[in-house]
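For reference, the chains in residue letters:
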Amino acid sequence: MSVDPDDRSPAAIRSAATEVVSHGTPVIPGSMLMLAYRERTAIFGLPGAVIHDARTSFDVLLPRILAGARVRKRDIAMLAIGGWLND
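The rules behind each value
Residues numbered from 1 in each chain as written. Predicted model: local features only at pLDDT ≥ 70, side-chain atom pairs only at ≥ 80, totals over all residues. Heavy atoms only, no water. Helix = DSSP H or I, 4+ residues; strand = E, 2+ residues; numbered from the N terminus. Polar contact = N/O pair within 3.5 Å; in protein donor to acceptor, adjacent residues only side chain to side chain. Phe/Tyr/Trp six-rings, centres within 6.5 Å; stacked < 30°, edge-to-face > 60°. Lys NZ or Arg CZ within 6 Å of the ring centre and 35° of its normal. Core = buried A, V, L, I, M, F, W, Y, C linked by side-chain atoms within 4.5 Å. Buried < 20%, exposed > 50% of the residue type's maximum accessible area, 1.4 Å probe, protein only. Contact = heavy atoms within 4.5 Å. Arc of directions from axis to C-beta. Pairing = 2+ DSSP bridges. Axes fitted to C-alpha atoms, helices over the stretch in contact; angles between N-to-C directions.

> Tell me about the side chain of Ser57, residues and numbers included.
With respect to the helices and strands, the residue Ser57 is situated in helix H3 (residues 57–66). Polar side-chain contacts of Ser57 include one of 2.7 Å to the backbone oxygen of Gly30.

In structure tokens:
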């Protein structure tokens, strides 16, 4: 996903999802991450940072999803405290 207005990823995710949790995070790198669910299945829209940076918002959220926790908007908002991941 990108900040480019021509990026069709967000619309595709919205159309497939039953719930959109967040489009954007208060974490850098990875602030353009999108998280949605289709029933119980998590759908991520990943920003380009996940390829470039060693640790991103995806690395923070993925273990929670894999552990079976349902991530909510408030969980993502709480990441704003100390939201800079890499030195």
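There's plenty left to go through after this.
> Mind laying out the packing of aromatic side chains, listing which residues take part and the relevant values?
Applying the stated criterion across every chain yields a total of 1 aromatic pair. Measuring from centroid to centroid gives 5.0 Å for Phe44 and Phe58, while their planes differ by 85°, and the two rings are edge-to-face. In this pair, Phe44 is assigned in strand E3 (residues 41–45) and Phe58 in helix H3, connecting sequence segments 14 residues apart. Geometry around Tyr37 places Arg70 over its ring, the cationic atom sitting 3.9 Å from the centre.

> An account of the nonpolar core is requested, with residue identities and associated values reported.
Residues Leu35, Leu61, Val71 and Ile76 are the most contacted members of the largest nonpolar core, which totals 13 residues. Listed by contribution, the elements that provide at least two residues to this core are strand E2 (34–38) and H3. For this core, the element with the most residues is H3, which contributes 4 residues. Leu35 has contacts with Val20, Val21, Ser22, Ala42, Ile43, Phe44, Val71 and Ile76, leaving out every residue within four places of it along the chain. Of all hydrophobic cores here, the second largest spans 5 residues; its members include Met1, Ala17, Met34 and Ala36.

> Can you explain H3? Please cite residues and give values.
For H3, the complete set of buried residues consists of Ser57, Phe58, Val60, Leu61 and Ile65. All buried residues of H3 fall inside an arc of 160° around its axis, so they share one side. Among the residues trailing H3, Gly68 stands out with phi positive, at a value near 90°.

> Could you give me a rundown of the sheet that holds strand E1 (residues 19–23), with the residues and numbers involved?
Taken in spatial order, the 3 strands line up as E1-E2-E3 in an open sheet, and their pairing is antiparallel. Only two strands of the sheet have a single neighbouring strand rather than two, namely E1 and E3. On average, adjacent strands in this sheet sit at an angle of 15° to one another, irrespective of strand direction. Here helix H1 (residues 9–16) sits on the sheet and contacts E1, E2 and E3; the angle it forms with E2, its principal contact strand, is near 25°. The sheet contacts of H3 involve E2 and E3, and relative to E3 the element is tilted by about 170°.

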